Amino acid sequence: HSAGVSSSLSDALKRYKLEVSPNKAGRRWEEVRLDKLDNDLAFSGERIGEVTVDQVAEWRDSRLKVVASPTVRREMTLLSSVFEIAKREWRWCATNPVREVKRPSNGRPRDRRIQPDEEQKLLARLGYVEGVKPEALQQELAYAFLIAIETAMRQGEILGLTRATTHLAKRYVRLDATKNGDSRNVPLSLRAVELLKLLIAAAGDRQELFRLKSGSADAMFRKVRNELEIVD
């Protein structure tokens, strides 16, 4: 690496990607974002110690015209981490200008709940039959959807469930290293237990409860939702 103080912000983004990101749960997302920051920041070629609060604020404002505020908040958080490490551990700069820049508000939370009639329409379209174990992938998606409503788990967490992580007798599932890097237990309602029993029965000898993968689940769900004209 180029010697300390003469290092550019671009050098810091690259070093962070090599040394820091590999240890994190959200590694892939972070690496893609670091490359993007390196390419897109008008000031990435400047010495890291000379980047100003105004430059960061201008970048924030230009990003807000293109993407939603939660995305800008995440990007600012990442950029701030890069400056913090460069300041504290590498001694490449004396300050972190991102800390001085106000974060955009987190926007409207997604507080729209699905309505019972919409739920019924989706389940019907996905071929879900109460009490019948899933065979088609669309039926698996219906199960994932119902478990999400019961547990508020994320889609990726639900589709990743295995026999080993599912403790029906004690009514919880164990999630290892979730999105924010923690392991946690998720309590199960009686309804969730019923759904999981049928999934385990359907899985036969498989460890994984779902054959469905996250990418295809997304596409399938969107397609059905749009066909049914369920908005928001």
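Structure first, text after, so check above.
Residues numbered from 1 in each chain as written. Predicted model: local features only at pLDDT ≥ 70, side-chain atom pairs only at ≥ 80, totals over all residues. Heavy atoms only, no water.

*Asks:* Describe helix α8 (residues 190-203), with residues and values.
*Replies:* Spanning 14 residues, α8 covers 20 Å between terminal C-alpha atoms, matching the ideal 20 Å at 1.5 Å per step. Along α8, the positions that sit buried rather than exposed are Ala192, Val193, Leu195, Leu196, Leu199 and Ala203. In an axial view of α8, the angular spread of the buried residues amounts to 165°, which keeps them on one side of the axis. Exposed positions of α8 whose direction lies more than 90 degrees from the buried face are Leu190 and Lys197. The inward-facing, buried residues of α8 contact α6 (137-151), β1 (166-167) and β2 (172-175). Immediately downstream of α8, the backbone of glycine 204 shows phi near 60°, a positive value. (Helix = DSSP H or I, 4+ residues; strand = E, 2+ residues; numbered from the N terminus. Expected span 1.5 Å × (residues − 1). Buried < 20%, exposed > 50% of the residue type's maximum accessible area, 1.4 Å probe, protein only. Arc of directions from axis to C-beta. Contact = heavy atoms within 4.5 Å.)

*Asks:* Lay out the packing of α6 against helix α9 (residues 214-227) with the relevant residues and their values.
*Replies:* For the pair α6 and α9, the least separation of the axes is 11 Å and the interaxial angle reads 85°. Put simply, α6 runs roughly perpendicular to α9. Touching Leu137, Gln138, Leu141 and Phe145 of α6 are Ala217, Met220, Phe221 and Val224, all from α9. Per-class residue counts for the contact of α6 with α9 are 7 nonpolar, 1 polar and no charged. (Axes fitted to C-alpha atoms, helices over the stretch in contact; angles between N-to-C directions. Parallel < 35°, antiparallel > 145°, perpendicular 65-115°, else oblique. Nonpolar A, V, L, I, M, F, W, Y, C, P; charged D, E, K, R; others polar.)

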